[in-house]
Every structure is written in structure tokens, then in C-alpha cells.
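# A look at the structure
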Amino acid sequence: MLTAVLTAAAAFLAVPGRAQAAVDGAVTAWGYNGDGQADVPAGLTGVTQVAGGYYHSLALRSDGTVTAWGYNGDGQADVPAGLTGVTQIAAGYHHSLALRSDGTVTAWGGNDFGQAGVPAGLTDVTQVAAGAFYSLALKSDGTVTAWGDDARDLIDGAAGLAGVTRIAAAPYHSLALKSDGTVTAWGMNMEGETDVPAGLTGVTRIAAGYHHSLALKPDGTVTAWGGNDFGQAGVPAGLTGVTQIAAGDAHSLALRSDGTVTAWGRDDLGQTGVPAGLANVAQIAAGSHHSLALSRSAVVFQQTARTVTENAGAVPLTVTRTGVTSSAEVRYAHTGGRATSGSDFVLTPGTLTFAPGQATKAITLTIRDDTVPETAETLTVTLSSPGPGTELRSPATMTVTIAVSDQRPDALISASASSGYVGNNVYTAGAAAAQTKAVTMRRTGRTLKPRSFYVRVYNDGTDTAVITIKGGRAAAGSAVRYFSGSSDVTARMHSAAGLRVALARGAYRLIRVQLQLSAAVPAGSARYATVWGTWSGDGTRSDVVRAAVKVSR
């Protein structure tokens, strides 16, 4: 990124203007604003890249056009009419560069040193950089082409370079990152700005200031060298997680992986005063005495998982975003899970569109209440393909669990009303395998004393349910009666409709079973009373328990 010289401009800077930057989810600028270089144009949206020059700024939009603002004394902010297909931009002192998708370069603005005179036939360019009065172009074959002011061998120093993957241009020195992770520097070296530290390897990004240079390492740390009179090469202790770097005249910027910006160095014009609340930054740039940040709307699911019942119907899956002043788009679709689309749920893939100022939107998922008894099933919904100016952050996927909403009754039985129950979470539909509570009685007369058993019929489902309770009839030689509280409900439990009770999730109805045997029952035999709890909806679910009285001699 370009930086500035504090020489003849010093008197002009003595009464600085400062940008009143507002974090708007698109381009934010701060620092010196004497020529409006930090006055981001109103309504500027869809920006994919920013660049800072001496006293002007550039923004590349998603449609391949360029917007410029700030000082325009040499036409550096007069974007050529019809310029489209731009993929990268760079800003010099008084000129601007645009790389187009066909590998050609367009330049405009000051050309007193030929810095805007793109060499005839220059093609296959992959990156451009702008110095004070010269320009650089990196070609696809790893060579560098330079034009403009050749003071301090800025042009000749680029000749013969090979294996270059990135370039950076300061006002009067240049850097090249090689494919082996090493850095080459040339040009002015007044304060050691081209004295690349010995052993510096594994570099992934470079940036050049007026008298200092920066390199980003794969571990997210920054190495700096050269002039440090304002602390611009004094990397803050503990600075890690860096993904991008930029250098101004005497200040430095670092973008961290969490989307925040750290700045250090000269701050007399507010150039290192990162605005409070600046977040979700995707790209940074440094002008001579001002700074730029491109923020994106960060779109995420409000939660990573939720559980719904099978009868939930329409379920909104909330998506939230930050940076809400511009519009934003993101696609969504069902991407996995055991639940079956169409029978268990309906989710039509589509696009969520956020209007300016809108922070939340909801994806509508419809749960289908089918008639098939099923265990819990899951489905995954994923966000993808964010629109221009929007990025995905975690969580970008959400897991929805469709619970076992087939309401299941659970019958437990005991010989005591308050304890000793068996059958909890044991679901048996057939009487032969039912959980049984048995007592043994010795015959002392013609009729045995009635014995009472207690059955709790629970709702083990996920919602309030109506459960039908039925009781078996007495076998020969016995009599059975059923009570709910003090009410005799024998007739109802013997009827075809049964005793119907509405139970909330986890609630139960207590039934007392009174079983009496006659003297005709042979010793060594038993008589039973059976109780069923049944729910019908998505199929039919039943649970059964038995009370048993055994006769001994």
C-alpha cells in the first residue's frame, strides 16, 4: 500500500482534518481527511476491495467497477468512463491503477514521470501495486514489470526478478514475495527498509510503508524492519492470528482472524485510531495518513441445534447478521441427516435476502406429523454462497432433531402406592411379557382377603396426550375392581372406549387395582388383573402391566 512523504506537505498537515468514521458494514475510513479521502461516499455498497493513496481512496465493487474519492488535483479520482471488469486496484501518490479480468492494466491520474503510462502490450498481469511516482505489475510467469520514475533504481530493480508471487510498492522502495517464502527488496534504503532480516522465510504477505516494511508469517505473526521513529516497525507484543497487513506513511495495520483490526505507529492524525465497534473486517488498506477497512455482513445461525416435536408444524430457523446498513444475501438448503425430506419435513432450498437495517431472517422448516412410529431423527440445514459484501461465520450449519413425538404411555405397577414400582421405561404391548407385581396369600377360609395393587400410567411422550386406560376382566374364581382416586372406574375400564385421561408430558394417572380370589382357586395357582395404557396417533403405542395373586397352602 502507498505511503506519503512529510516534506512540503508538512505545513498543510499542521491543521489536519479528521474523518468522522461510522462503522456501516461496508467501507470504514479514519485518519487524515483534509481532502475527503476518508469521506466514504454515501450509498457505497457491494465493495469487494479498498485501496488508499496519498490523499485519495479507491473502492472496487462487485460489478467490476471502481469508485474513487478524495484529492483529485491530477485526475487520480477521475475513474475512466466505461471501466469495467476490474479485479484489483492500487493507489499511488497522484495516480491510480486497475487490473482487469483479461490481465491488462488501466491507469489514470498524474503521469509526469510516466507512472500512468502502461507499457504497450502488457498482458497476463495478476497483481498491480502503485508507488509514489512509479507502478509495478506482477505477471503470471512470476516476473515483474515496472514503469515510471526510476529514481533509486525502482524500475531497474524489478528487472530480472523471477518466481514472484506478490508485490508491494512504497513511495520509494518495493518488495517482492518469492514462491519459496523469501522477500526481495529494492529502492531507497534510508532507514533499513530494504534490509530484509536474515533468515526471514515462510512469508505469506508483504506490505511497504514510507521507511518501513512488514511481512506476515504462516503462524499469524508479523515481522517488521526499517524506520521506527513513530513505532511503525514496533509490532505490538503478543500480536497473533493476523491474516492481512498494510502499511501507511508511518503507521501499520493488521487484520486478525476474528475480524478485528490492530494499528500502531504514528497517530497524530488519527490514522491508528481504529473506530470502536469495527468488526467483521475482511480487508484493510493504508493511505499515507488515513486507513481503510472493508467490513462484511457476517451471517450465522442463531443457534447450532434445536429439538422439535413431530407435531410442531412450521418451525422458524433464525439467521442473524451483523453489519446491517446494506443489503445481504445467503443461500440455504437441507444437506444431511436421517430425517426424510417430504415425509418427515419440508424445506425448499432458497435465498435469504436481508434488507438494509434488517438483522434477522428466518428459514421456514415444516415438520410433517406422519403416521409412522419413529425414533428421533435429525436433519442438517446449511448456509452457503453469501452474496457480495457478506461472509459466513460459524455456526453456518444447524442440526434439527425431530423428537419421538409419538406419545408413548408407560405403565408401572407396585403393591404400594408410594414405592416399589416396576416397569419404568419398559414398554410391553403383550400381557405375556408384561411387567408383573405378584403377592402370595395363604388360604384361611372360603374367600381370600382382597389385595390392592397400584398402577401409574405415565405420558412418556413429548407433549400433552390423551391416553386410554383399560383393565382386564377377572378370570374364573376371582373378582377385580379398578379405582381412580375414590371413584370406581371398573365399568369404564371394561368398556370399548376405556377410561380416557389427558396427561401432560411426564404426568401420570394412578389406578388402584383390587383383586380378590375365591376359595375355589386351587392352591399353587394364580389369578391376574391386567392394565393397559394406549395412545393412538402416529400408529398405536401401548404398555401393559399385571397384578398377580398366588395362592399357597
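This text follows the structure it describes.
Per-chain numbering applies: the sequence of each chain, read as written, is numbered from 1 onward. Per-residue local features are limited, in this predicted model, to residues with pLDDT of at least 70; the limit for side-chain atom pairs, both in listing and counting, is 80 or more; totals at the level of whole chains, interfaces and linings are taken over all residues. Water and hydrogen atoms were dropped before computing side-chain values, which therefore reflect all heavy atoms in the structure.

Let's shift gears to the nonpolar core. What makes a nonpolar core is a set of buried Ala, Val, Leu, Ile, Met, Phe, Trp, Tyr and Cys residues whose side-chain atoms join them at distances within 4.5 Å. Relative accessibility under 20% of the residue-type maximum defines a buried residue, over 50% an exposed one, and the middle range a partly exposed one, all with a 1.4 Å probe and only protein chains included. Residues Ile 469, Tyr 482 and Val 513 are the most contacted members of the largest nonpolar core, which totals 30 residues. The contacts of Val 513, once residues within four sequence positions are left out, are Arg 451, Ser 452, Phe 453, Val 455, Val 480, Arg 481, Tyr 482, Ala 529 and Val 531. Of all hydrophobic cores here, the second largest spans 25 residues; its members include Ala 129, Val 144, Ala 146 and Ile 167. Here, residues are in contact when the closest pair of their heavy atoms is within 4.5 Å.

In this text, helices come from DSSP runs of H or I with a minimum length of four residues, and strands from runs of E with a minimum of two, each type numbered from the N-terminal end. Position of Ala 263 among the secondary structure elements: in strand β19 (residues 261–265). Through-space distance from the C-alpha of Ala 263 to that of Pro 236 is 8.8 Å; in sequence the pair is 27 residues apart.

As a further point, take the sheet that holds strand β1 (residues 27–31). Read from one edge of the open sheet, three strands run β1-β21-β20, paired in antiparallel fashion. Both edges of this open sheet fall to β1 and β20 (281–286), since each of them pairs with a single strand only. Shown here is a sheet whose adjacent strand axes are inclined to one another by a mean of 20°, direction ignored. Of the pairings in the sheet, the one linking β1 to strand β21 (residues 290–295) comprises five bridges and is antiparallel in character. Paired with Ala 29 across the two strands is Leu 292, which belongs to β21. Here, any two strands with at least 2 DSSP bridges between them count as paired. In this analysis, axes come from line fits to C-alpha atoms, helices being fitted only over the stretch in contact, and the angle between any two N-to-C directions falls in the range 0 to 180 degrees.

All right, on to the pairing of strand β14 (residues 205–208) then. Bridging between β14 and strand β15 (residues 212–216) involves four bridges; their strand directions are antiparallel. When the sheet's bridge partners are listed, Arg 205 is paired in β15 with Leu 216. Where β14 folds back onto β15 in an antiparallel hairpin, the turn is made up of three residues.

Our next topic: the pattern of salt bridges. Pairing between side chains of opposite charge can happen when the charged atoms of each approach one another. Whenever Lys or Arg places a side-chain nitrogen within 4 Å of a carboxyl oxygen from Asp or Glu, that contact is recorded as a salt bridge. Taken as a whole and assessed by the stated rule, the structure comprises three salt bridges. Where Arg 266 meets Asp 268, a salt bridge forms, and the shortest distance between an N and an O atom there is 2.9 Å. Arg 266 sits in the buried class, given a relative accessible area of 16%. By relative accessible area, which is 37% here, Asp 268 ends up partly exposed.

So, about the packing of aromatic side chains. In summary, the pairing rule links any two rings of Phe, Tyr or Trp, Trp by its six-membered ring, whose centres are within 6.5 Å, and it sorts them by plane angle into stacked for under 30 degrees, edge-to-face for over 60 and tilted for everything else. A complete count under the given rule lists seven aromatic pairs for this structure. Through a chain of ring-to-ring contacts, the aromatic side chains of Tyr 32, Tyr 54, Tyr 55, Tyr 93, Phe 113 and Phe 133 assemble into a single cluster. Over the aromatic face of Phe 483 sits the side chain of Arg 512, whose NZ or CZ is 4.3 Å from the ring centroid. For a Lys NZ or an Arg CZ to count as sitting over a ring, it must be within 6 Å of the ring centre and within 35 degrees of the ring normal.

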